[in-house]
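Architecture and fold: a report
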Amino acid sequence: MGDKQVMLIAVDDSEHSFYTLDWVLTHFFTPPSDAKFKLIVIHARPSPTSVIGLAGPAATDVLPIVEADLKYQAEKVIARAKEACNTKSVNAEFVVTEGDARNVACQAVEKYHASMLVLGSHGYGAFKRAVLGSVSDYCSHHAHCSVMIVKKPKQKH
């Protein structure tokens, strides 16, 4: 058999994201020897300037602190993703890219020639999705591959 197709999974620091990663590992990579895909886990780290949202001399004082915190947060996300993959004995590549999650995911599809992009759903309602923007909605329309959106089941009371 030739090279495996590439599956990208985008992760952030949310529980929905790690539910999605676990779901993908269980359904597509168990047992690892049967995996039909090469797995690449991507994380979009916001740029410091997008987080600060202000300009002027004060921003230069805060910028290194914000940048260090964003780097630390990204390292924590990737460490948790690596742990999840290691627990299931799945080999994966891990990539952190600075930028907006929507653009990072769609650009990664092109860069890695992915045949599938997997995203979690935060389960926002229509209003919140319209205000905040939906990464999964954007990617489902703009990524040049199949897009799978994994939703965490709602808890029944």
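Residues numbered from 1 in each chain as written. Predicted model: local features only at pLDDT ≥ 70, side-chain atom pairs only at ≥ 80, totals over all residues. Heavy atoms only, no water.

As recorded by an unreviewed UniProt entry, the protein chain carries the name UspA domain-containing protein and is attributed to Rehmannia glutinosa.

**Some points on the overall build of the protein chain**
Within the protein chain, the regular secondary structure consists of six helices and five strands. If you list the helices and strands of the protein chain from N to C, you get β-α-β-α-α-β-α-β-α-α-β. The buried share of the protein chain, reckoned over its 157 residues, is 36%. For the protein chain, restricting intrachain contacts to residue pairs at least 6 apart in sequence, the fraction spanning at least 24 positions comes to 76%. (Helix = DSSP H or I, 4+ residues; strand = E, 2+ residues; numbered from the N terminus. Buried < 20%, exposed > 50% of the residue type's maximum accessible area, 1.4 Å probe, protein only. Contact = heavy atoms within 4.5 Å.)

**Concerning the pairing of strand S4 (residues 114-121)**
For S4, the tally of buried residues reaches seven of eight residues, placing the bulk of the element in the interior. Relative to strand S5 (residues 146-151), S4 is paired through six bridges, and the arrangement is parallel. If you follow Ser121 over to S5, its bridge partner there is Lys151. (Pairing = 2+ DSSP bridges.)

**Side note on the nonpolar core**
Of all hydrophobic cores here, the largest spans 20 residues; its most connected members are Met7, Ile9, Phe29, Leu39 and Val118. Of all the secondary structure elements, the ones that give two or more residues to this core are strand S1 (5-10), helix H1 (15-28), strand S2 (37-45), helix H3 (57-87), S4 and S5. In terms of residues, this core owes the most to one element, H1, which gives four residues. Setting aside chain neighbours within four positions, we find Ile9 in contact with Thr20, Leu21, Val24, Leu39, Ile40, Val41, Ile42 and Val118. Counting 17 residues, the second-largest nonpolar core is a separate cluster that includes Ile42, Ala108, Leu117 and Leu119. (Core = buried A, V, L, I, M, F, W, Y, C linked by side-chain atoms within 4.5 Å.)

**Side note on the environment of Ser134**
Inspection of the secondary structure puts Ser134 in the loop between helix H5 (126-132) and helix H6 (135-142). A polar contact of 3.1 Å, which involves the side chain of Ser134, links it to the side chain of Ser136. Here the side chain of Ser134 touches Asp137 through a polar contact of 3.0 Å, landing on its backbone nitrogen. (Polar contact = N/O pair within 3.5 Å; in protein donor to acceptor, adjacent residues only side chain to side chain.)

**What about the packing of aromatic side chains?**
All told, the structure shown has two aromatic pairs when counted by the stated rule. Here the aromatic rings of Phe28 and Phe37 are separated by 6.0 Å at their centres, their planes lie at 75 degrees, and the arrangement is edge-to-face. Here the aromatic residues Trp23, Phe28 and Phe37 are joined through ring pairs into a cluster of three or more. Arg80 extends its terminal NZ or CZ atom over the ring of Phe18, reaching a point 4.1 Å from the ring centre. (Phe/Tyr/Trp six-rings, centres within 6.5 Å; stacked < 30°, edge-to-face > 60°. Lys NZ or Arg CZ within 6 Å of the ring centre and 35° of its normal.)

**Section: the sheet that holds S1**
With respect to topology, five strands assemble into an open sheet ordered S3-S2-S1-S4-S5, the strand pairing being parallel. In this open sheet, the two edge strands, each paired with only one partner strand, are strand S3 (92-98) and S5. For this sheet the average axis-to-axis angle between neighbouring strands, irrespective of direction, equals 25 degrees. Packing against the sheet, helix H4 (residues 101-112) makes contact with S1, S2, S3 and S4, and its axis sits at approximately 150 degrees to S2. Packed onto the sheet, H6 meets S4 and S5 and runs at close to 160 degrees relative to S4. (Axes fitted to C-alpha atoms, helices over the stretch in contact; angles between N-to-C directions.)

**Side note on the packing of H4 against H6**
Across the interface, H4 lies against H6 with an axial gap of 9 Å and an inter-helix angle of 35 degrees. Considering how the two elements wind past one another, H4 and H6 form a crossing that is right-handed. Within the contact between the two elements, H4 uses Ala101, Arg102, Asn103, Ala105 and Cys106 and H6 uses Val135, Tyr138, Cys139 and His142. In terms of residue class, the contact of H4 with H6 is built from six nonpolar, two polar and one charged. (Left-handed = near helix turned anticlockwise from the far one by under 90°. Nonpolar A, V, L, I, M, F, W, Y, C, P; charged D, E, K, R; others polar.)

**Things to note about the side chain of Ser17**
Mapped onto the secondary structure, Ser17 falls in helix H1. Exposure remark for Ser17: the relative accessible area of 5% places this residue in the buried category. The residues touching Ser17, leaving out its near neighbours within four places in the chain, are Ala10, Val11 and Asp12.

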